[in-house]
Amino acid sequence: MYLNADDLTPLYMQVAEWLELEILNGSLQSNEKVYSQYQLAEMFNINPATAAKGLSLLAEQNLLYKKRGLGMFVAPQAKEKIRAKRIKENLQQLVLQLVAEAKRLQLSQAELIAMIKNVDLPKEE
Amino acid sequence: MMSLSTVNLLTNARRQFNYKLKANAGLFVSLLAVQMLAALLSANGTVSIGWGTGNSVAYLRLISGDVIIIFSLLWAFTAGLTVAANAQRYDFVFVTNRLSSNLSSMAVLFILSAGGGVSATLCGILLRAFLIITKDGFIFTNISPYVLLIGICSAVLYSLLFSAVGYFLGILAQRNKAYAILLPALFLGLLFVEARSVGGTRHILSVIHFFIRESSLLIFALKILLTVALLYGAAILIASKMEVRQ
Amino acid sequence: MTGIFAGGLIIIIVLISAGHFVISRIKPSLSQTRIFVGIYLLLLIFAVAAFYCLDKTGSALVLENRGTGENEFQRFLETGRVEYLKGLRKLGRWSFTYRGQDLVLRSADKEHFWTTVVVERKEAGDETIEVICYTTGLQLPETDNPPLVKLKDGQLLLTNPPPVEINFYVAGYDFTMTQFTAGIDANNVSHELAQSILGNQIVLVRLPGHLQLIVDETVSVVEQK
Amino acid sequence: MKNVECNRLTKKYGSIYAVNDLTFSIPENSITGLIGRNGAGKTTLLKMLAGFLLPSGGTVRILGQNPFNNLQVAANLIFIDDELALPENMNLGEILDTAATFYENWQPDIAYGLLDYFSLDLRSYYQQLSKGMKSTFNVILGIAARCPITIFDEPTVGMDAAVRKDFYRALLKDYLQQPRTIILSSHLLGEIEDLLDSILLIDAGKKCLHLSMDELRSYAVGLSGNSKLLHELVKEEDIIFRQQLGKDKIYLVVRNRKIDFSAARFKGLEIGPVPANDLCVYLTAKHKGGIDDVFKHS
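Quick notes on the rules
Residues numbered from 1 in each chain as written. Chains lettered and ligands numbered in written order. Predicted model: local features only at pLDDT ≥ 70, side-chain atom pairs only at ≥ 80, totals over all residues. Heavy atoms only, no water. Helix = DSSP H or I, 4+ residues; strand = E, 2+ residues; numbered from the N terminus. Contact = heavy atoms within 4.5 Å. Areas by Shrake-Rupley, 256 points an atom, 1.4 Å probe, with all protein chains shown as cover. Buried area = accessible area lost by both parts, 1.4 Å probe. Salt bridge = Lys/Arg side-chain N within 4 Å of Asp/Glu carboxyl O. Polar contact = N/O pair within 3.5 Å; in protein donor to acceptor, adjacent residues only side chain to side chain. Nonpolar A, V, L, I, M, F, W, Y, C, P; charged D, E, K, R; others polar. Buried < 20%, exposed > 50% of the residue type's maximum accessible area, 1.4 Å probe, protein only. Axes fitted to C-alpha atoms, helices over the stretch in contact; angles between N-to-C directions. Parallel < 35°, antiparallel > 145°, perpendicular 65-115°, else oblique. Left-handed = near helix turned anticlockwise from the far one by under 90°.

S.K.: Got a sec to walk through the overall build of chain D? Specific residues and values, please.
M.R.: Within chain D, the regular secondary structure consists of eleven helices and 13 strands. When contacts within chain D are restricted to residue pairs at least 6 apart in sequence, those whose partners lie at least 24 apart make up 66%. Total accessible area on chain D is roughly 12,800 Å²; 50% of this is exposed by carbon and sulfur atoms.

S.K.: Outline the interface of chain D and chain B, supporting the account with residue identities and numerical values.
M.R.: Contacts between the two partners involve 39 residues from chain D and, on the opposite side, 33 residues from chain B. At the boundary of chain D with chain B, total buried surface from both sides reaches about 3,200 Å², with 59% on carbon and sulfur atoms. Contact with chain B buries surface across chain D, with D:F52, D:L71 and D:F102 losing the most and accounting together for 22% of the total. Summed over the shared surface of chain D and chain B, the number is two salt bridges. There are ten residue pairs in polar contact (both at pLDDT 80 or more) connecting chain D and chain B. Breaking the side of chain D that touches chain B down by element, the ones donating at least two residues are α2 (71-75) and α3 (92-102) of chain D. Per element, the largest residue contribution to the side of chain D that touches chain B is five residues, and it comes from α3(D). Considered class by class, the residues forming the side of chain D that touches chain B number 21 nonpolar, ten polar and eight charged.

S.K.: I'd like a description of the environment of D:V60, backed by residues and values.
M.R.: Residues and elements named next belong to chain D. Relative to the helices and strands, V60 is located in strand β4 (residues 57-62). Overall, V60 belongs to the buried group, its relative accessible area being 3%. Between the alpha carbons of V60 and N7 there is a distance of 6.5 Å; along the sequence they are 53 residues apart.

S.K.: Quick rundown of the packing of helix α2 (residues 26-42) of chain B against helix α2 (residues 30-53) of chain C? Include the residues and the values.
M.R.: Two measures define how a pair of helices packs: the angle their axes make with one another and the distance between the axes. It is at 9 Å that the axes of α2(B) and α2(C) come closest, and there the two elements cross at 40°. The angle between the axes of α2(B) and α2(C) places the two elements in the oblique class. Between α2(B) and α2(C) the crossing geometry is left-handed. Between α2(B), through B:G26, B:F28, B:V29, B:L32, B:Q35 and B:M36, and α2(C), the contact on the second element is made entirely by C:T33, C:F36, C:V37, C:Y40 and C:L43. A breakdown of the residues in the contact of α2(B) with α2(C) according to their chemical character gives eight nonpolar, three polar and no charged.

S.K.: Quick one: what's the story with the packing of helix α5 (residues 131-145) of chain D against helix α6 (residues 161-177) of chain D, residue by residue and with numbers?
M.R.: All names here are of chain D. It is the contact of α5 with α6, at a shortest axis distance of 11 Å, that shows an interaxial angle of 5°. Judged on the interaxial angle alone, α6 and α5 are roughly parallel. Between α5 and α6, the residues in contact are T136, V139 and I143 and V163, F167, A170, L171 and D174, respectively. Here the residues of the contact of α5 with α6 sort into six nonpolar, one polar and one charged.

Structure follows, in structure tokens:
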């Protein structure tokens, strides 16, 4: 598994984001143990300190909690919190850009909505 | 915290010795080549003396292992140079310090000298045995096992001396390449000065006499060991501040 | 002396440099080294065993016990007494019956007869002439080279044997051995050794006491006293 | 605990400073990248750390001791450079067996495993290997020795891309199994960036930066926009790199002073991060405009 080296988002944030997605899509359930920094380091071929930083970023947001001597676990409400956070931060930002671009291209609101409706995402497995 | 290794000087010197004996093992093959060459050169004898009784003439060809031993001593000298040069190159790839490197070099040179001295003397016996078998009219002095043992001991001691001189000069040359040219030049210069001063002090000759005119094996051994200790001590002192240029 | 010595050392230095150059280019692998050294060691051990096991009695020369022979030979020449010579061996013996009153002793072929002739007188009336050839040399096939002796027309004819050249290898101690033993240094072995190997030959002629001997100038004769 | 400490470390050759007044320290169990251009003094610095060279001034402390001629430091440190002086008569297997006698933490399984993986024959000889294979063998020694201080000086010279990638992964995996202090020198940061905890950037023997990788990523920002506007916003001394983009458009890399540029964003100013590797190149360049400066007046 590789993180995007060209992406200029710091590596630890990329790790955090990957973990968020794992929680969102249900790969990691509430109260389930998450990967250790060493496992993450090995999975992504990165320095374990970087991986640890990604983990602590999520812990700071109370998405993960620490059990002494056992490692990090997914917090009970993590999935909902992540969803709310991403809607607020990512999606709204994207919508803003979307609308701004539509405006630049003089696309009407109705046309934009139609475009959104027509998007046919390949089904995730 | 990763546990740190601690290492004892002698333990490390022993490991270095095992390593260097292998790294310098090629010297044994060159020794073999040198002795074979020397034996070949000696096989026809050195000096020929004729004696006639009117109608009959006897020609004597004198055979000895001297050439083999001298060649082996020259080899011991170059072995000292080589071990010194290789120590600078190979030793510091693995764990060592200067003292350990020097100690292991000395042990290696001791083994090389022992091998050189023993094989040189035995190669002389090989030469005699070969001539007894292949030549008619062979006359020899019977070398008793006791005399053979004395010959081996003294050849080993001479080899030790030659290798230690080579090692000392080799370390000096490693310290500064200029010595590699300076020292032979100085030596030759001294020789010519000595050659011209007829009645004057002849240091080099007296140094040589110091060793070759000693007829007691025990005192000879003491002289050699003392000289060798001085040479190695000087080599250790010179090397201790030397940088490693890999 | 020092000049030669300096020259020698320069040659040695050149030798060392050349040797060092060659040696530094010999780079056998560790396994090759083991094979070479192993074979060489076996060869040396075998050679030492051979050296001490070979039957050396046939040609053995224990140099230490060998006198120079010079003094004895001198005394022999003065007295003509064979017993002054040590380690005599008989090389040949001839016996003739002779009834004449005088005998000419000469070399057969006008050449000088090299070997010293010793004349011993027997009692008068004996009718046999005995000729014995002795040598002080080593018993080697090459050194057994007696002259020819013939009795013809009242003449005892002596013929030089065909000339022989004998090559010997003499092995002494190495310098490492002589330094600490009072042994034989091969390089110090000189003519004396060659002489003692080849030895001195003499021809002993035993004549009846009454016989008148005429010696030709081609033969040197010592009368036994 | 600091495993590596240098204080005002200097190495002079004649009148030339190879290493000039370096002060830094490296904590235990970390991977540090030593980055600098060719001739920046990386090798000289590392050889002083390894105790091979004697400093002209200042001090080095490895595990709290002076490494020069120090057996205890030598036992805990391995220095791997691009061509090791190994005996020519010993084959790779014999060299590995020898190394095993010297290093107490030696991992024979890893050594033989890696040798096999990289298709190196135990019976072949070091001097007959290609440049890349030599480098591969060197790093195998460095990894398998598991020394508390492991120094690699330009370890990947001559390796092809696939081997380099495998080496970095092998190094990381072994580091995860047995954390230690690793110093990795390179003239390029790009490949090793992800592995590192921190980077030490040196230029002409002097220390440029010693930062953690995250600090490095936020060390500078890239700005592009109207040159007049940018020069009003940015102080001259903060400019690290400058590139003319169009007639009056300019790209600047500037020291990140946490200035809020959001107001300027509406005036067509674009703000972006600077790749760490580029930043290192800019920081060690002689001219702020890079190679373009040479052609400026022609």
